[in-house]
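Given next are the chains, with one letter for each unit.
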Amino acid sequence: DVKVTQSSRYLVKRTGEKVFLECVQDMDHENMFWYRQDPGLGLRLIYFSYDVKMKEKGDIPEGYSVSREKKERFSLILESASTNQTSMYLCASSSTPNTEAFFGQGTRLTVV
Amino acid sequence: QQQVKQSPQSLIVQKGGIPIINCAYENTAFDYFPWYQQFPGKGPALLIAIRPDVSEKKEGRFTISFNKSAKQFSLHIMDSQPGDSATYFCAARRGAGGTSYGKLTFGQGTILTVHP
């Protein structure tokens, strides 16, 4: 089975902190994605990556950056956390752009 | 700008009922339309998907109806069960030929509750 693992289920951070969310997949997938999930807004794409060291902005990249140094790992970085970044963050991966995306269990981030 | 609009936001049915969730899209570059199911504390998981050259697809109790001319698609759950209680998301994926190939755009989600 494909496994997408997010390093933390719950995080509480202070405003202004630099926050790292880590995601690892074990299926040698080329593509990885970061979404945030908010009630009434669904899932919105923050960043995605089609290859190592490659990244593209999604629909809401402001306030975020990403890093993909190894194929299996995709990190989301909040440079200076703000309260409006309190949300559920979901990582996903797929083997090619036109195959099924598998999601991790999510990280619920609270910024206080 | 919400490119995929989903309704209703929440839905309550009795066991055995047939909940219907609707989605509408704008971008004709979409070429694949999946539905995801999410249980509390879990990430979304692919439930069923359809391509626009087909008007209907069934998998078990789940059916997608697709209307290409209206740019609408819907999920029907036959003989719904309490275990179907979850959040359902429709999505649309960009086809090949652009920088956003493979990118999924999601609807707002529908919280389904099936009472015993």
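**Side note on the interface of chain B and chain A**
Phase 1 of the analysis: Opposite the 21 residues of chain B that make contact, chain A presents 22 residues.
Phase 2 of the analysis: When chain B packs against chain A, the two sides together hide about 1,800 Å² of surface, and 49% of this comes from carbon and sulfur.
Phase 3 of the analysis: Scanning the region where chain B abuts chain A turns up 1 salt bridge.
Phase 4 of the analysis: We note a salt bridge from A:Asp59 to B:Lys103, for which the minimum N-O separation is 2.6 Å.
Phase 5 of the analysis: Between the two partners, chain B and chain A, sit 6 residue pairs in polar contact (both at pLDDT 80 or more).
Phase 6 of the analysis: Listed by contribution, the elements that provide at least two residues to the side of chain B that touches chain A are β4 (30–38), β9 (86–94) and β10 (104–106) of chain B.
Phase 7 of the analysis: Class assignment of the residues belonging to the side of chain B that touches chain A gives a composition of 7 nonpolar, 10 polar and 4 charged.

**Notes on the nonpolar core**
The tendency in soluble globular proteins is for nonpolar side chains to be buried as a group.
Phase 1 of the analysis: Within the largest apolar cluster, 24 residues are counted, with the highest numbers of intra-cluster contacts made by B:Phe33, B:Trp35, B:Phe73, B:Leu75 and B:Tyr88.
Phase 2 of the analysis: Among the elements of the structure, β2 (10–14), β3 (20–25), β4, β5 (45–50), β7 (62–67), β8 (72–77), β9 and β11 (110–115) of chain B are those that each provide at least two residues to this core.
Phase 3 of the analysis: With 4 residues, the single largest contributor to this core is β9(B).
Phase 4 of the analysis: With residues near it in sequence (within four places) discarded, B:Phe33 still touches B:Tyr25, B:Ile48, B:Ala49, B:Ile50, B:Pro52, B:Ile64, B:Phe66, B:Phe73, B:Ala91 and B:Ala92.
Phase 5 of the analysis: The next biggest cluster of nonpolar side chains, apart from the first, holds 20 residues, and it includes A:Tyr47, A:Ile60, A:Leu78 and A:Ala81.

**Digging into the sheet that holds strand β1 (residues 4–6) of chain A**
Residue and element names in this part refer to chain A.
Phase 1 of the analysis: Judged by pairing direction, the sheet is antiparallel, and its 4 strands sit side by side in the order β1-β3-β8-β7 without closing on themselves. Each edge of the open sheet carries a strand with a single partner, namely β1 and β7 (64–70). Put simply, the sheet's adjacent strands are angled 20 degrees from each other on average, direction ignored.
Phase 2 of the analysis: Sheet topology places β7 next to strand β8 (residues 73–78); 5 bridges connect them, and they run antiparallel. Bridge pairing links Ser65 to Ile77 in β8.

**Description of the pattern of salt bridges**
Phase 1 of the analysis: Applying the stated criterion across every chain yields a total of 9 salt bridges over all chains.
Phase 2 of the analysis: The shortest N-O distance in the salt bridge between B:Asp84 and B:Arg61 comes to 2.8 Å. With B:Asp84 in the loop between β8 and β9 and B:Arg61 in the loop between β6 (56–59) and β7, the pair connects residues that are 23 residues apart, well separated along the chain.
Phase 3 of the analysis: Three or more residues are tied together by salt bridges with common partners; here these are A:Asp28, A:Glu30 and A:Lys71.

**Side note on the sheet that holds β3(B)**
In any sheet, the strands associate via hydrogen bonds between backbone groups, in a parallel or an antiparallel arrangement.
Residue and element names in this part refer to chain B.
Phase 1 of the analysis: With antiparallel pairing, 5 strands are arranged side by side in an open sheet as β1-β3-β8-β7-β6. Strand pairing shows two members of the sheet lacking a second neighbour, β1 (4–7) and β6, which therefore form its edges. Taking each pair of neighbouring strands and ignoring which way they run, the sheet shows an average axis angle of 15 degrees.
Phase 2 of the analysis: The sheet contact formed by β6 and β7 spans 4 bridges and is antiparallel. By the bridge assignment for β7, Glu56 is matched with Ser65.

Parameters and conventions
Residues numbered from 1 in each chain as written. Chains lettered and ligands numbered in written order. Predicted model: local features only at pLDDT ≥ 70, side-chain atom pairs only at ≥ 80, totals over all residues. Heavy atoms only, no water. Contact = heavy atoms within 4.5 Å. Buried area = accessible area lost by both parts, 1.4 Å probe. Salt bridge = Lys/Arg side-chain N within 4 Å of Asp/Glu carboxyl O. Polar contact = N/O pair within 3.5 Å; in protein donor to acceptor, adjacent residues only side chain to side chain. Helix = DSSP H or I, 4+ residues; strand = E, 2+ residues; numbered from the N terminus. Nonpolar A, V, L, I, M, F, W, Y, C, P; charged D, E, K, R; others polar. Core = buried A, V, L, I, M, F, W, Y, C linked by side-chain atoms within 4.5 Å. Buried < 20%, exposed > 50% of the residue type's maximum accessible area, 1.4 Å probe, protein only. Pairing = 2+ DSSP bridges. Axes fitted to C-alpha atoms, helices over the stretch in contact; angles between N-to-C directions.

Geometric values such as these leave the question of function open.
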